[in-house]
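Summary of structural features
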Amino acid sequence: SLSIGIVGLPNVGKSTLFNALTKSGNALAANYPFATIEPNVGIVGVPDTRLEKLAEIFGSARVLPAKVEFVDIAGLVRGASEGQGRGNKFLANIRETDAVCQVIRVFSDPDVTHVDGGVGPERDIETINTELILADLQTIEKAVPRLQKEAKSNKDRKAFLEVVEAAAKLLDTGTTLYAGAKDAGIDLADLRELHLLTAKPFLYVFNLDADELTDADLRAKLSQVVAPAEAVFLDAKIESELVELPDDEALELLQSVGQEESGLAQLARVGFETLGLQTYLTAGPKEARAWTIRRGATAPEAAGVIHTDFQRGFIKAEVISFEELVEAGSMAAARSTGKARIEGKDYVMRDGDVVEFRFNV
Ligand code: GDP
């Protein structure tokens, strides 16, 4: 499945956050018979209020949300691209993930040492991005002689070399490809074969003091620093307490710091969007469930997420949007008013489609 790598400087709260992720994932994994959790992988359910409503309509015994997988990638330090710390190993770990989540320290606790002497979110972001940018420039530098050779006799390779050179130029200005490609007229899809780190989708977690969670000015300022990447604001210490508490007490603690939803829940949702994913829904007496597909997936591809046989033997899908189903009140009522549509193999799924597949096995 798709995964998000968690990176950040030492002492910014990565482990604290990651342990909370793993704990919340344990509860979730119990619901997934085939989920295996490795020590450095945490799984979080994507909060989806539609599932509760579906379970009500279908009398489902349980709800299963979509999941997002986070991988703890320890060891980013200044100089990593030159082999400091875990160096290349660390970069190889990031290369395997589908998106990069940077944890940035904003909390001020004087008892927690900062590697660069003091709290400085913007400086830290620059430190991390610089390492990733330098690693990408090394990758490009290594590839260019080969590409130049290929470009001599092949027009496509010549075009590719030009994109790579434009990418290097952008990286030289200290901008990640994810942040700057659009303005530079670079299509990130064209660069895929180089597996560049900064071409991955980025998201940022700002680890704040509890009393900063409601500071709208601070949040706006930090959001602006990382735009167009998404930002999530949380207090990792509170998150680690929340996962230990029963639901009602967790809600109380959240409300006491002016929040309605846990940071982990927000992180799961933003992560899911950053990965370019969407969900469709199925429901029956056993379970109401959200399934993960990429945006643009067709009905047979969506069926294949449940089982490869469903994709192979796909005949048609009965589809209704979640909103229309709720309005109709039941599947039977939706059918009788013609709101439930029959769709064929070319149908492109929409987020929130409630689906029943028909297939040959
Ligand atoms: P890592 O090196 O990035 O994995 O950081 P850790 O999660 O190990 O945290 C380093 C220290 O900072 C630990 O003593 C944590 O308890 C503390 N810490 C982490 N998050 C917070 C936070 O949000 N607020 C405060 N005050 N301390 C935190």
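From a predicted model like this one, the values you see are computed outputs, not experimental measurements.

**A short note on the overall build of the chain**
Across its full length, the chain holds 14 helices and 12 strands. Expected size for 361 residues packed as a compact globule is a radius of gyration near 21 Å; at 23 Å, the chain falls within 12% of this value. Counting only residues that meet the buried cut, the chain has 38% of its 361 residues in that class. Across the chain, contacts joining residues at least 24 apart in sequence account for 68% of those joining residues at least 6 apart.

**Here we look at the pairing of strand S9 (residues 287-294)**
Bridge analysis of strand S3 (residues 62-64) against S9 gives three bridges, and the strand direction is parallel. Bridge pairing in S9 places Leu-64 opposite Arg-289. Here seven bridges tie strand S8 (residues 277-283) to S9, and the two strands are oriented antiparallel to one another. Following the sheet pairing, Leu-277 is matched in S9 by Arg-294. Turn length for the S8-S9 hairpin, with the two strands adjacent in sequence and antiparallel, is three residues.

**Focus on the site of the ligand**
Neighbouring residues of the ligand: 15 residues in total, closest Gly-13, Lys-14, Ser-15, Thr-16 and Asp-109. Taken together, the elements giving at least two residues each to the shell around the ligand come down to helix H1 (14-29) and helix H8 (236-242). For the shell around the ligand, the element with the most residues is H1, which contributes three residues. When the residues that make up the shell around the ligand are grouped by side-chain class, the tally is five nonpolar, six polar and four charged.

**Quick notes on helix H4 (residues 121-151)**
For H4, which comprises 31 residues, the first-to-last C-alpha distance of 42 Å matches the rise-based estimate of 45 Å (1.5 Å per residue) to within 8%. Its axis deflected by about 40° at Val-144, H4 carries its strongest bend there, up to four residues before the proline Pro-145.

**Section: the nonpolar core**
Counting 92 residues, the largest nonpolar core has Ile-6, Cys-101, Tyr-204, Val-205 and Phe-206 as the members making the most contacts within it. If we ignore the near neighbours within four places in the chain, the residues touching Phe-206 are Ile-104, Val-106, Pro-121, Leu-222, Ala-231 and Phe-233.

**Comments concerning the confidence of the model for the chain**
Mean pLDDT over the chain works out to 91, with 95% of the residues at or above the 70 mark. Confidence estimates for the predicted assembly give a pTM of 0.88 and an ipTM of 0.97.

**Structural notes on the sheet that holds strand S7 (residues 230-234)**
Strand order in the open sheet formed by six strands is S2-S4-S1-S5-S6-S7, and the pairing between neighbours is mixed. The open sheet has two edge strands, strand S2 (41-45) and S7, and neither has a second partner. For this sheet, the mean angle separating the axes of adjacent strands, direction not counted, is 25°. Inspection of the sheet shows S2 paired to strand S4 (residues 67-72) by five bridges, in the antiparallel sense. Bridge pairing links Ile-43 to Glu-69 in S4. Across the face of the sheet, helix H7 (residues 216-226) comes into contact with strand S6 (202-207) and S7 while running at roughly 145° to S7.

**Observations regarding unusual backbone geometry**
Residue Pro-228 is reached from Ala-227 by a cis peptide bond, and omega for that bond is 10°. With respect to the helices and strands, Pro-228 occurs in the loop between H7 and S7. Phi angles above zero are rare outside glycine, and Asn-11 is one such case at about 65°. Following the sequence through the fold, Asn-11 ends up in the loop between strand S1 (3-7) and H1. The exposure class of Asn-11 is partly exposed, given the 13 C-beta atoms found within 10 Å. Even without being glycine, His-195 reaches a positive phi, approximately 50°.

**What to know about the pairing of S1**
For S1, the tally of buried residues reaches four of five residues, placing the bulk of the element in the interior. Across four bridges, S1 lies against S4 in parallel orientation. Bridge pairing in S4 links Gly-5 to Val-71. When S1 meets strand S5 (residues 99-105), the two strands line up parallel, connected through four bridges.

**Some words on the packing of H4 against helix H5 (residues 155-172)**
Between H4 and H5, whose axes approach to 10 Å, the crossing angle comes to 155°. By the criterion of interaxial angle, the relationship of H4 to H5 is roughly antiparallel. Remark: the crossing between H4 and H5 carries left-handed chirality. Contacts between H4 and H5 involve Ile-133, Asp-136, Leu-137, Ile-140, Ala-143, Val-144, Leu-147, Gln-148, Glu-150 and Ala-151 from the former and Arg-157, Lys-158, Phe-160, Leu-161, Val-164, Ala-167, Ala-168 and Leu-171 from the latter.

Procedures and definitions
- Residues numbered from 1 in each chain as written.
- Predicted model: local features only at pLDDT ≥ 70, side-chain atom pairs only at ≥ 80, totals over all residues.
- Helix = DSSP H or I, 4+ residues; strand = E, 2+ residues; numbered from the N terminus.
- Rg over C-alpha atoms; globule rule 2.2 N^0.38 Å.
- Buried ≥ 20, exposed ≤ 12 C-beta atoms within 10 Å, placed from the backbone.
- Contact = placed C-beta atoms within 7 Å.
- Pairing = 2+ DSSP bridges.
- Near = placed C-beta within 6 Å.
- Nonpolar A, V, L, I, M, F, W, Y, C, P; charged D, E, K, R; others polar.
- Expected span 1.5 Å × (residues − 1).
- Bend = angle between axes of the 7 residues up to and from the residue.
- Core = buried A, V, L, I, M, F, W, Y, C linked by C-beta atoms within 7 Å.
- pLDDT = per-residue confidence, 0-100.
- Axes fitted to C-alpha atoms, helices over the stretch in contact; angles between N-to-C directions.
- Parallel < 35°, antiparallel > 145°, perpendicular 65-115°, else oblique.
- Left-handed = near helix turned anticlockwise from the far one by under 90°.

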